[in-house]
Every structure is written in structure tokens, then in C-alpha cells.
Amino acid sequence: MTKYGSFPGTRPRRLRTTPAMRRMVAETRLHPADFILPAFVREGVSEPVSISSMPGVVQHTRDSLKKAAVEALEAGVAGIMLFGVPEEAKKDAFGTPGTDPDGILQVALRDVRAEVGDELLVMSDLCLDETTDHGHCGVLDDQGRVDNDATLERYAEMAQVQADAGAHIVGPSGMMDGQIGVIRDALDQIGREDVAILAYTVKYSSAFFGPFREAVGSSLKGDRKTYQQDPANARESLRELALDLEEGADMVMVKPAGPYLDILARVADASDVPVAAYQISGEYSMIEAAAEKGWIDRDKAILETLTGIKRAGAQNILTYWATEVALKLR
């Protein structure tokens, strides 16, 4: 090839020549404090129970949960988000275990907070789906539809018992209209202005939730399309963001993460509070399954997906690999 002057004058490849060079000019960096570990605790089990659709993830006992929390803390993870799995016989139409001070989630919050104090942020899922016998995220009306305003009353109670149990942060995930304002008011009424709200601002009705349903022992029949968002819609997410911020959200979240990086980027651009994203069960399971088949490099795929989520605008990432990746980054 004939060379004309110094053509090409611009050579971006110069900044890709060695691992040291690529590391120096990297625009996005992962850090252990970026991560939040979602963890499941199951009532009435004496040993951790493996989740078949999520290899490597378990339903914890109270003791194994405390151990997992300490491991996350020692790895430098920012927080742990707890999901309670009550005994099936205790579920009812109103999700009573969710507001029982001795319900499994509240017991677990006390356990973990006593173990880690303020060194690890203890977070709680604030939703009824794990505790209702119908599996929906709210109270049903006489026609079997989720009653938004009746559900808000239950969320207010849940917020108060979770705060009393030791949650630093509550995570309302039910996608009820007005939930952030009601929860903020409920917390303030009992003098818990210090408890923060991580709003599940953008939560799509996703096929990738499948393994999570096994993880929490969901009783759901049907779907949640009347309250979770339609995957076809984008502008709706910014409307939800504006409402949650107006109602007092301290942080906001996009869920799922990977299939909605465009939404995550738009929310991050518009938000003046920290933005999180949840790399959900289906995202986790696909990588684990493909890696088990030998089709992809597991460790590289994990880091690539997490980097993509952070690059799109997430300050914090909920991921089942939180502790594992945090240890590798140290």
C-alpha cells in the first residue's frame, strides 16, 4: 500500500497496545463498593437450600446468611439486600409475614444488623410477593385485581417494621403508584428519617425474572403486567423517575439491567440522586448456564456485563456475583 504523508495521522490503536496501556486509559472502572449482594433467607431450614435455576446461589439459613453478610463486608461490598422466604403455611392474602415483627425477613434483618452493625448497608426488599398466597405484590380486590391504595397501607406497615428491625435502606419493589411518598411518610411518622429509600423506579415485566420466582418460592399464577412496566415503553420510565424523586426517593433503580441499558442511561442522565441497576436472576443464570456448557468464558462475561451496566450509568449494581467479583477486584 502506498503511504501518503503520515496517513493515517490518527491511530487510536496506540492506546490499546498493552494491558498496562488499556488499564491506564480505561473510562469505566469497577470497584467493590459498586456492588450490592441480593440474598435470600428461608424460614424453617437447617441447611442452605440450593436454587436449581441459579447455580451457586442458595436460600440461606439465618446462620449462613450472617456468614454471607460478613464475607460481603470483608470483600468491600457496599450492601446486602435481603429477601425473606416464609414457610408456605404462613402465607395469606394480605402477606401477613411481611408485617409480623417475627416474620423471617424482620428476624433476618435483626440478625444481619447485629452481625455487621453500620459497616455494611443492610437493605430490605419491601414488597408483598414473597408473603402472599397469590404471589402478587399487593392486596387483591374482590375481582382479583391488585388494589393499589390498599397495598400502600400494607407497604407503610412493612416500612415501619423493617426500619424497626434494623434496615438502613428499604427497597420498595412493587411498582404501586404513590409508594415512595407513602413509605417516606410512614418512616417519618415513627422518627426514622434516617432510613433511606431505594426506589425500584423502573421495573419491567420481564421474562428474565423466572429463576427469582424459584428463589423466593413464589406462589404467583399469571403475570404482573398491570403494575410492572411494558418492555416496549421508554418515556414512561422518565415519568416514573420524576414521580419518585418528587415523592422523596433517596436513590433510584432500573431493573432488569442488561436488556435495558438504554433506559438506564436515560435515567442516569436525568437523575440528581444515585442510580442503581439490578442484574437479575435470568441474566445471572444465562451466563452460568452458557459457561457450564463451555460456550463462553464465565469470568470474562461477568466482568463485561458489569462494566457495561456501570458504563451505562449505574453507580451501584445489585448482582449475585457481588462478593466474588469484589474479591477479584481487590
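These notes cover the structure that comes with them. Because the structure is predicted, anything quoted here is derived from the model rather than measured.

A short note on the overall build of the protein
Part 1: The number of helices and strands found in the protein is 11 helices and 10 strands.
Part 2: Its C-alpha atoms put the protein at 80 × 45 × 40 Å along the principal axes.
Part 3: Out of the 330 residues in the protein, the part that is buried amounts to 51%.
Part 4: When the accessible surface of the protein is split by element, carbon and sulfur atoms take 50% of a total near 15,300 Å².

A few points about the nonpolar core
Part 1: The biggest cluster of nonpolar side chains holds 90 residues, and the ones touching the most others in it are Phe 35, Ile 80, Leu 82, Tyr 155 and Tyr 278.
Part 2: For Phe 35, the contacting residues outside a window of four places in its chain are Leu 30, Val 77, Ala 78, Gly 79, Leu 306, Ile 317, Thr 319, Ala 322, Val 325, Ala 326 and Leu 329.

Topic: the pairing of strand E9 (residues 275–278)
Part 1: Residues Val 275 and Ala 277 line one face of E9 and the alternating positions Ala 276 and Tyr 278 line the opposite face, and both faces are buried.
Part 2: Note that strand E8 (residues 251–255) and E9 share 3 bridges and pair parallel. Across the sheet, residue Val 254 finds its bridge partner in E9, namely Ala 277.
Part 3: Crossover handedness for the path E8 to helix H8 (residues 261–270) to E9: right-handed.

Digging into the pattern of salt bridges
Part 1: On inspection of all chains with the given rule, the structure shows 18 salt bridges.
Part 2: Its salt-bridge partner being Glu 43, residue Lys 90 comes within 2.6 Å of it at the nearest N-O pair. Taken together, the residues span a long stretch of sequence, with Lys 90 in the loop between strand E4 (79–85) and helix H3 (104–116) and Glu 43 in the loop between strand E1 (35–42) and strand E2 (49–50) at a distance of 47 residues.
Part 3: We classify Lys 90 as partly exposed; its relative accessible area is 42%.
Part 4: The class for Glu 43 is buried, based on a relative accessible area of 16%.
Part 5: Between Arg 298 and Glu 288 there is a salt bridge, with its nearest N and O atoms 3.0 Å apart. In this pair, Arg 298 is assigned in helix H10 (residues 298–311) and Glu 288 in helix H9 (residues 281–292), connecting sequence segments 10 residues apart.

Quick look at the pairing of E4
Part 1: Across the 7 residues of E4, 7 count as buried, placing the element largely inside the fold.
Part 2: A two-sided burial pattern is seen for E4, the buried positions comprising Gly 79, Met 81, Phe 83 and Val 85 on one face and Ile 80, Leu 82 and Gly 84 on the other.
Part 3: As paired elements, E1 and E4 share 7 bridges and run parallel to each other. Among the inter-strand pairings, Phe 40 is bridged to a residue of E4, identified as Phe 83.
Part 4: Here E4 pairs with strand E5 (residues 121–126) via 4 bridges, running parallel. In the strand pairing of E5, Ile 80 is matched with Val 122.

Structural notes on the packing of aromatic side chains
Part 1: Considering all chains together, one arrives at 6 aromatic pairs under this definition.
Part 2: Plain terms: the ring middles of Tyr 204 and Tyr 260 are 4.1 Å apart, the flat faces sit at 0° to each other, and that makes the pair stacked. Taken together, the residues span a long stretch of sequence, with Tyr 204 in the loop between strand E7 (196–203) and helix H6 (210–215) and Tyr 260 in the loop between E8 and H8 at a distance of 56 residues. Each of the two residues, Tyr 204 as well as Tyr 260, counts as buried.

Rules used in this analysis
Residues numbered from 1 in each chain as written. Predicted model: local features only at pLDDT ≥ 70, side-chain atom pairs only at ≥ 80, totals over all residues. Heavy atoms only, no water. Helix = DSSP H or I, 4+ residues; strand = E, 2+ residues; numbered from the N terminus. Buried < 20%, exposed > 50% of the residue type's maximum accessible area, 1.4 Å probe, protein only. Areas by Shrake-Rupley, 256 points an atom, 1.4 Å probe, with all protein chains shown as cover. Core = buried A, V, L, I, M, F, W, Y, C linked by side-chain atoms within 4.5 Å. Contact = heavy atoms within 4.5 Å. Pairing = 2+ DSSP bridges. Right-handed = clockwise from strand over helix to strand, strands pointing away. Salt bridge = Lys/Arg side-chain N within 4 Å of Asp/Glu carboxyl O. Phe/Tyr/Trp six-rings, centres within 6.5 Å; stacked < 30°, edge-to-face > 60°.

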